[in-house]
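Per-entry structural report
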Amino acid sequence: LLDGTCLLRRVLPYRDREGDAEGIVVTFTDVTERKRAEERLAHQARVFDAALSHITDYVYIFDPSGRFVFA
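A brief look at the structure comes next. (Residues numbered from 1 in each chain as written. Predicted model: local features only at pLDDT ≥ 70, side-chain atom pairs only at ≥ 80, totals over all residues. Heavy atoms only, no water.)

1. So, the side chain of Thr32
Put simply, the test is: Think of it this way: any DSSP run of H or I at least four residues long counts as a helix, any run of E at least two long counts as a strand, and we number them from the N terminus. A contact between two residues is defined here by any heavy atoms of the two lying within 4.5 Å.
Position of Thr32 relative to the elements: it lies in helix 1 (residues 32-53). The residues contacting Thr32, other than those within four sequence positions of it, are Gly4, Thr5 and Cys6.

2. So, the environment of Tyr58
Position of Tyr58 relative to the elements: it lies in the loop between helix 1 and strand 3 (61-62). Along the backbone, Tyr58 and Leu41 are 17 residues apart, and their C-alpha atoms lie at a distance of 24 Å.

3. Thoughts on the pattern of salt bridges
The cut-off we apply is this: Note on definitions: salt bridges are taken to be side-chain nitrogens of Lys or Arg within 4 Å of carboxyl oxygens of Asp or Glu.
Counted by the stated rule, this structure contains 4 salt bridges. The shortest N-O distance in the salt bridge between Arg36 and Glu33 comes to 3.0 Å. Of this pair, Arg36 and Glu33 both sit in helix 1, 3 residues apart, roughly one helical turn. Linking Asp63 and Arg67 is a salt bridge whose minimum nitrogen-to-oxygen distance equals 2.9 Å. Beyond isolated ion pairs, a larger network of salt bridges with shared partners links Arg34, Lys35 and Glu38.

Written as structure tokens, this is what we have:
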């Protein structure tokens, strides 16, 4: 939309008891905040990657369960 709102559209058939389509059901969900959060996370990942790619020392990252995720 023009105001920056992001909508998720779903279109599903509406069926009778025999399974024949009688119409459609259309729903819209506002996902603006989710999209903004995804964009912030992607930006942080780019900054993180750029910073780490310029460090001459080794950097190891482990997730909370102790699994190796980055070098």
